[in-house]
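Close look at the chain arrangement
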Amino acid sequence: MRIYPEQLQQHIKQHIPNCVLIFGDEALLSLEAQDKVKQQAKSQGYLEVFSFSLDGNFDKDDIYSHLQSLSLFSEKKIIDLTLTKTTKENTAFLREIAPLLNDDILLLLQGPKLNNQQLNGAWFKKLESQGIFVATNAPTAQRFPQWIFQRLKSLDLQANKEVIDFLCLHFEGNLLAAKQEFEKLALLYPKQTLNITQVKQSITTHNHFSLFQWLDSLLEGNRVRSQRILKQLKAEGTELLFLSATLSNEVQKLLKLSYQSQHTPLPQLLSQHQPKLWTNKQALMTEALSHLTSKQLEVLLIQCAELEVAVKVENTTDSWLTLELMATSFYR
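Reading the values: rules and limits
- Numbering of residues starts from 1 in every chain and runs along the sequence as written.
- Local features are withheld for residues below a pLDDT of 70 in this predicted model, meaning they are given only at 70 or higher, and side-chain atom pairs are given and counted only at 80 or more; totals for whole chains, interfaces and linings count all residues.
- Side-chain descriptors were evaluated using all non-hydrogen atoms of the structure, hydrogens and water having been removed beforehand.
- Confidence of the predictor at the level of single residues is given by pLDDT, which spans 0 to 100.
- A run of H or I in DSSP counts as a helix once it spans at least four residues, and a run of E counts as a strand once it spans at least two, with each numbered from the N terminus.
- Each residue is assigned to one of three classes by its accessible area relative to the maximum for its type, calculated with a 1.4 Å probe on protein chains only: buried under 20%, partly exposed between the two thresholds, exposed over 50%.
- Pairing between strands is defined by DSSP: at least two bridges between the two strands are required.
- With the strands pointing away from the viewer, any crossover whose connection runs clockwise from the first strand over the helix to the second is right-handed.
- Joining through side-chain atoms within 4.5 Å is the link that ties buried Ala, Val, Leu, Ile, Met, Phe, Trp, Tyr and Cys residues into a set, and such a set is a nonpolar core.
- For this analysis, residues touch if any pair of their heavy atoms sits within 4.5 Å.
- For helices, the fitted axis covers only the stretch in contact; all axes are lines through C-alpha atoms, and the angles between them, taken along N-to-C directions, range from 0 to 180 degrees.
- Convention used here: angles under 35 degrees read as roughly parallel, angles over 145 as roughly antiparallel, angles from 65 to 115 as roughly perpendicular, and any remaining angle as oblique.
- Crossing handedness: left-handed means the near helix sits turned counterclockwise from the far one by under a right angle, and right-handed means the same turn made clockwise.
- Any residue outside Ala, Val, Leu, Ile, Met, Phe, Trp, Tyr, Cys, Pro, Asp, Glu, Lys and Arg is labelled polar, Gly included; the first ten of those are nonpolar and the last four are charged.

Let's talk about the confidence of the model for the chain
- Taken over all residues, the pLDDT of the chain has a mean of 88, while the share at 70 or more is 95%.
- Here helix H14 (residues 266–272) stands out as the element of the chain with the lowest mean pLDDT, 82, in contrast to strand E2 (residues 19–23), whose mean of 96 is the highest.

Have a look at this one:
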């Protein structure tokens, strides 16, 4: 069963399953999920924790011994495994230990965000069938307002849409700062419905964006968000050449799909794409290709190459303006 981090507590409150999988790219959510699982497990009698990292040199025999024998000091134990890479050796080992799990052993497996191929792997499906999978990925722009609402609610705070939108604007991409500021608001205005004046007076801007969020905003055709992200990336000193090269790579993918879609339906192409695309990524590419023609993409690709040359020769403010103008091609 796949759940969001905010659903974790209700799924483990009464009885914790034999296996909890925590994978995602948001460090704060991963750490919080791990803490919740360990705290709840302790209350249910899992009093010992044995931690291992599944790197190239992990001790299989040591892990097997803990799985196959009861503890001298308690009946229940947590086997805490960190999966840094999904190699054939690692995933084979995970398939081997899956049948050894029982009510006296909790397997806590954690690691970075998994792609669709990994999520569909035999090792993952076997373990997920014995427990729950907590997807600790950073909330998308669409889910971020709900994340903020739930986070404030957990602190006995309420907020209207105006406040939520303001907080989204200032904290997107930086959940740790959001957590800290919301806790400060809870101290300043305990159990209150926040108004925009209180929030503006109390918080500072902590939003942080990646170039991939910028690309997603382009594919979505979101002019306001795209320009806001690009402005901050520039202010943070992001290399223009890096932005241009990444955009060029994305345009090449779109152009290839645009050519192929003349003979094969786009949904079929996206489902067959290697490496596999996330569902939301497929939707974004579909949106972009709905109004970008092959000719427009060819022009964009040439512009990317010209911008790369210009940046290498002389990186001026004109180069940033060129990138901003190129981005307008994605807007409806």
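A short note on helix H11 (residues 211–220)
- In terms of residue burial, H11 counts as a mostly covered element, since 7 of its 10 residues are buried.
- Just downstream of H11 lies Gly221, where phi reads positive at about 80 degrees.

Examining the pairing of strand E5 (residues 105–111)
- The element E5 is largely enclosed, with a buried count of 7 among its 7 residues.
- Residues Ile105, Leu107, Leu109 and Gly111 of E5 are buried on one face, and the alternating residues Leu106, Leu108 and Gln110, pointing to the opposite face, are buried as well.
- Sheet analysis places E2 next to E5, joined by 5 bridges and oriented parallel. Bridged to Ile22 within E5 is Gln110.
- Strand direction decides the pairing type here: strand E4 (residues 76–82) and E5, joined by 6 bridges, are parallel. Looking at E5, one finds that Asp80 is bridged to Leu108.
- In terms of handedness, the path from E4 via helix H4 (residues 88–97) over to E5 forms a crossover that is right-handed.

Comments concerning the nonpolar core
- Grouped together as the largest cluster of nonpolar side chains are 35 residues, with contacts concentrated most on Trp214, Leu247, Leu323 and Phe330.
- In terms of residue count, the dominant contributor to this core is helix H13 (residues 240–260) (7 residues).
- The residues contacting Leu247, other than those within four sequence positions of it, are Trp214, Leu215, Leu218, Cys304, Leu323, Met326 and Phe330.
- Residues Leu81, Leu101, Phe133 and Ala135 belong to the second largest nonpolar core, which totals 27 residues.

Focus on the packing of H11 against helix H12 (residues 223–235)
- Interaxial distance between H11 and H12 falls to 8 Å at its minimum, and their mutual angle equals 155 degrees. The orientation of H11 with respect to H12, classified from their angle, is roughly antiparallel. For the crossing formed where H11 meets H12, the hand is left-handed. Facing Leu211, Gln213, Trp214, Ser217 and Leu218 of H11, the residues of H12 in contact are Arg225, Ser226, Ile229, Leu230 and Leu233.
- For the contact of H11 with H12, the residue count by class is 6 nonpolar, 3 polar and 1 charged.

What to know about the sheet that holds E5
- Read from one edge of the open sheet, 6 strands run E1-E6-E2-E5-E4-E3, paired in parallel fashion. Every interior strand has two partners, whereas the edge strands, strand E1 (2–3) and strand E3 (46–53), have only one.
- Sheet analysis places E3 next to E4, joined by 7 bridges and oriented parallel. Within the sheet, the bridge partner assigned to Ser51 lies in E4 and is Asp80.

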